[in-house]
Amino acid sequence: MRAYLFVLATIAFAFALASAPAQAGSIDCTMNFSISGWSLFYKTSSGTGTVKCSNGKSMKVKISTKGGGFTFGKTKIANGIGKFSEVDEIGDVIGSYGNAEAHAGAGKTASAQVVTKGKISLALSGKGEGWNLGVSFGKFTLSRP
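Each chain carries its own residue numbering, running from 1 in the written order of its sequence. pLDDT decides what is reported in this predicted model: residues at 70 or higher carry local features, side-chain atom pairs at 80 or more are listed and counted, and totals for whole chains, interfaces and linings draw on all residues regardless. Working from all heavy atoms in the structure, the side-chain values ignore hydrogens and water.

Let's talk about the side chain of S45
And step 1. Note on conventions: DSSP H or I runs of at least 4 residues are helices, E runs of at least 2 residues are strands, and numbering of each starts at the N terminus. Positionally, S45 belongs in strand β1 (residues 29-53).
And step 2. Any N or O atom pair separated by 3.5 Å or less is treated as a polar contact, with the protein-specific requirement of one donor-capable and one acceptor-capable atom, and with residues adjacent in sequence counted only for side-chain atom pairs. In terms of polar contacts, S45 uses its side chain to reach the side chain of T65, at 2.4 Å.
And step 3. Any pair of residues with heavy atoms lying within 4.5 Å of one another is described as a contacting pair. With residues near it in sequence (within four places) discarded, S45 still touches I35, S36, G37, I63, S64 and T65.

Structure below.
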């Protein structure tokens, strides 16, 4: 009888673990986005995106960047992709991320950078068009539209 109760308790425990809520940082989130902007010492850009997470949730976001440095140009990225790390829930992606960037391009360009906000990192990549040259620092902000 003890062995039977032990097996039942073990099965119940395993079932409880399997049905427990996801642990912190366990959802994967990605973002598809489009963004365009300009820079002449001051750098600014704006765009929109959609964040989708492995738990089935999705959210539209507004993107804005502001910064400065030795930079000039005009760019447009369409169909960019971002991958988040360390996300507990979809709302965690909202807020301002710090960024530093070096860029150069003319005509068809490619872009890649990583921005951070606390424990969350966002790796961005995309292809576009425009021209740019420089080094800049600033913030990358995601907000609800």
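Section: the sheet that holds strand β2 (residues 58-85)
And step 1. Here a strand pair is declared whenever DSSP counts at least two bridges between the two strands. Read across the open sheet, the four strands follow the order β1-β2-β4-β3; overall the sheet is antiparallel. The sheet is open, and its two edges are formed by β1 and β3 (95-117), each paired on a single side. Strand-to-strand twist of the sheet, defined as the mean angle between neighbouring strand axes without regard to direction, takes the value 25 degrees.
And step 2. Note that β3 and strand β4 (residues 120-143) share 23 bridges and pair antiparallel. Bridged to A100 within β4 is F137. Note on geometry: axes are lines fitted to C-alpha atoms, helical ones only across the stretch in contact, with angles between N-to-C directions running from 0 to 180 degrees.

Side note on a nonpolar patch on the surface
And step 1. Residues with no salt bridge and a relative accessible area higher than 30% make up the patches, which join like charges within 9 Å and nonpolar side chains (Val, Leu, Ile, Met, Phe, Trp, Tyr) within 5 Å. In this description, accessible areas are obtained by the Shrake-Rupley approach with a 1.4 Å probe, and a residue is regarded as covered only by the protein chains that are shown. The term salt bridge refers to a pairing of a side-chain nitrogen on Lys or Arg with a carboxyl oxygen on Asp or Glu at a separation within 4 Å. A contiguous nonpolar surface patch, about 890 Å² in accessible area, is contributed by W38, L40, F41, Y42, F70, F72, W131 and L133.
And step 2. Broken down by secondary-structure element, the contributors of at least two residues to the nonpolar patch are β1, β2 and β4.
And step 3. A per-element tally of the nonpolar patch places β1 first, with four residues.
And step 4. Within the fold, F70 resides in strand β2.

Thoughts on the pairing of β2
And step 1. Of the strand pairs in this sheet, β1 and β2 are connected by 21 bridges, and their pairing is antiparallel. The partner of S39 across the bridge, within β2, is G73.
And step 2. A loop of four residues connects β1 with β2, the two strands running antiparallel in sequence, and G56 in this loop sits at a positive phi of about 90 degrees.
And step 3. Note that β2 and β4 share 22 bridges and pair antiparallel. Across the sheet, the residue bridging to K83 is A123, located in β4.

Regarding the environment of D88
And step 1. Looking at the secondary structure, you find D88 in the loop between β2 and β3.
And step 2. For the exposure calls, accessible area comes from a 1.4 Å probe over protein chains only, and a residue counts as buried if that area is under 20% of its type's maximum, exposed if over 50%, partly exposed in between. The class of D88 is partly exposed, set by a relative accessible area of 32%.
And step 3. The spatial distance from the C-alpha of D88 to the C-alpha of I27 is 6.3 Å, given a sequence separation of 61 residues.
And step 4. Among the polar contacts listed, one links the side chain of D88 to the side chain of K119, at a separation of 3.1 Å.

Concerning the state of the cysteines
And step 1. Here, a disulfide means two cysteine sulfur atoms that sit within 2.5 Å of each other. This structure, assessed with the given rule, holds one disulfide.
And step 2. The partner cysteine of C29 in its disulfide is C53, sulfur to sulfur 2.0 Å. With the S-S dihedral at roughly 105 degrees, the linkage between C29 and C53 falls on the right-handed side.
And step 3. Residue class for C29 comes out buried when judged on its relative accessible area of 0%.
And step 4. Owing to a relative accessible area of 8%, C53 belongs among the buried residues under this scheme.

Concerning the layout of surface pockets
And step 1. A cavity here means a set of 1 Å grid points, computed over protein atoms only, where a 1.4 Å probe fits but cannot escape. A pocket is an open set with protein on both sides within 12 Å along at least 5 of 7 lines, and lining residues have an atom within 4 Å of a point. Grid points are joined across faces, edges and corners, and a volume is the space filled by probe spheres set on the points. In this structure, the largest pocket occupies an estimated 530 Å³ of space.
And step 2. What lines the largest pocket is a set of 37 residues, and nearest its centre among them are K43, T75, E101, S111 and Q113.
And step 3. At the level of elements, β1, β2, β3 and β4 are the ones that each hand at least two residues to the lining of the largest pocket.
And step 4. Broken down by class, the residue content of the lining of the largest pocket amounts to 11 nonpolar, 20 polar and six charged. Charged residues are taken to be Asp, Glu, Lys and Arg, nonpolar residues to be Ala, Val, Leu, Ile, Met, Phe, Trp, Tyr, Cys and Pro, and polar residues to be all remaining types, Gly included.

Interpretation in functional terms is not warranted from these geometric data alone.
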